[in-house]
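So the chains spell out like this:
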Amino acid sequence: MNRVFSIFFSLGLGLLASKSEALNDRRAFFGSDKMYYVKIHGWDGSRLGSGDLRNFVENDGAFLSIYRTDPKSGLHCPDAISHPGNRVYETRGFKMRMSGNMTFGTPKASYKLSIQKNPFVGMSTLNLKSMWNDVSQMREAIAWKLFSKLDIPSPLHTYAKLCINNKYYGLYSVIENIDPTCKTIDITHD
């Protein structure tokens, strides 16, 4: 009986350690001084309309890369060669759809990426919000920071420049995906 308990206890500790590691990676990714390029390569350009992306769509040839960048950089869609060592993530197994009520079908739509094989900093979903109706592009970030200061659970946030097939789509807000059961929300961030 003790042996069975120790096996389950060890497995539980391993799961907690991996969740803790993913949470630390997530906190590092969403650090307040961070900014990224989110690049989608090889997406079928005929499948980018609001009718095409109403539901999750997978494009077998597509490749997702995320690079660190300097927020002051004027580059919009740099290639991997111009950012050696700044790649923080890449995968081929993902699906994409448009999201958001206010931005659906606008020239700058919001997107949700569902990562199939290799979760990114412990998340299987990446939210890219266009901030279409926020000229300052800071409203949500300020609100979440305020909620956090008041100890109200809120998602982590950072910014990224979005490129699809080397076309610049603009500055996006990258939002931590919250598990619908609220079991994965990080309520200890600053």
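For every chain, the first residue of the written sequence is number 1, and numbering continues from 1 along that sequence. Per-residue local features are limited, in this predicted model, to residues with pLDDT of at least 70; the limit for side-chain atom pairs, both in listing and counting, is 80 or more; totals at the level of whole chains, interfaces and linings are taken over all residues. As a rule here, side-chain values come from all non-hydrogen atoms in the structure, and water together with hydrogens is ignored.

Caption draft 1: Looking closely at the overall build of the protein chain. Each helix and strand counted, the protein chain has two helices and nine strands in total. The order of α-helices and β-strands along the protein chain, N terminus first, is α-β-β-β-β-β-β-β-α-β-β. For every residue, the accessible area obtained with a 1.4 Å probe (protein chains only) is divided by the maximum for its type, and the residue is called buried under 20%, exposed over 50%, and partly exposed between those limits. By the burial criterion, 41% of the 190 residues in the protein chain qualify as buried. We call two residues in contact when some of their heavy atoms are within 4.5 Å. For the protein chain, long-range pairs separated by at least 24 residues make up 62% of all intrachain contacts whose partners lie at least 6 apart in sequence. As displayed, the protein chain has an accessible area near 11,000 Å², and 56% of this comes from carbon and sulfur atoms. Every helix listed is a DSSP run of H or I at least four residues long, and every strand listed is a run of E at least two residues long, numbered separately from the N terminus. All accessible-area figures derive from a Shrake-Rupley calculation using a 1.4 Å probe, and residue coverage is judged against the displayed protein chains alone.

Caption draft 2: Region of interest: the state of the cysteines. By disulfide we mean two sulfur atoms from cysteines, separated by a distance within 2.5 Å. By the definition in use, this model includes one disulfide. A disulfide bridge connects C77 with C163, and the sulfur atoms are separated by 2.2 Å. For the disulfide bridge between C77 and C163, the dihedral angle about the S-S bond is near -105°, and by the sign convention the bridge is left-handed. Of this pair, C77 sits in the loop between β3 (63-68) and β4 (87-91) while C163 sits in strand β8 (residues 157-164); the two residues are 86 residues apart in sequence, bridging distant segments of the chain. Exposure remark for C77: the relative accessible area of 22% places this residue in the partly exposed category. C163 gets classed as buried once you look at its relative accessible area, which sits at 0%.

Caption draft 3: Representation of unusual backbone geometry. Positioned with a positive phi, M131 is a non-glycine residue whose angle comes to about 60°. Residue position: M131 is located in the loop between β7 (125-129) and α2 (139-149). Relative accessible area serves as the criterion here: at 14%, M131 is assigned to the buried category. One non-glycine residue, N166, lies in the positive phi region at around 65°. By secondary structure assignment, the location of N166 is in the loop between β8 and β9 (167-175).

Caption draft 4: Structural context of the nonpolar core. Put simply, buried Ala, Val, Leu, Ile, Met, Phe, Trp, Tyr and Cys residues joined by side-chain atoms within 4.5 Å make one nonpolar core. Counting 32 residues, the largest nonpolar core has W43, M96, Y111, F120 and I164 as the members making the most contacts within it. Mapped by element, the contributors of at least two residues to this core are β1 (35-41), β3, β5 (94-99), β6 (110-115), β7, β8 and β9. When residues no more than four places from it in sequence are discounted, the contact partners of I164 are I40, W43, L48, M96, Y111 and Y169.

Caption draft 5: Quick look at the confidence of the model for the protein chain. Values of pLDDT, the confidence the predictor places in each residue, fall between 0 and 100. On average, residues of the protein chain carry a pLDDT of 79, and 81% of them reach 70 or more. With pLDDT under 50 throughout, residues 1-17 is counted as low confidence; its partners more than four residues away or in other chains account for zero contacts. Confidence drops under pLDDT 50 across residues 182-190; counting only partners more than four residues distant or on other chains, this segment forms 21 contacts.

Caption draft 6: Broad picture of the pairing of β8. Across the eight residues of β8, eight count as buried, placing the element largely inside the fold. Across the two faces of β8 the burial is the same, with H157, Y159, K161 and C163 and T158, A160, L162 and I164 all buried. For two strands to pair, DSSP has to find at least two bridges joining them. Across eight bridges, the pairing between β8 and β9 is antiparallel. Following the sheet pairing, A160 is matched in β9 by Y172. Two successive antiparallel strands, β8 and β9, enclose a turn made up of two residues, where N165 displays a positive phi of approximately 55°.

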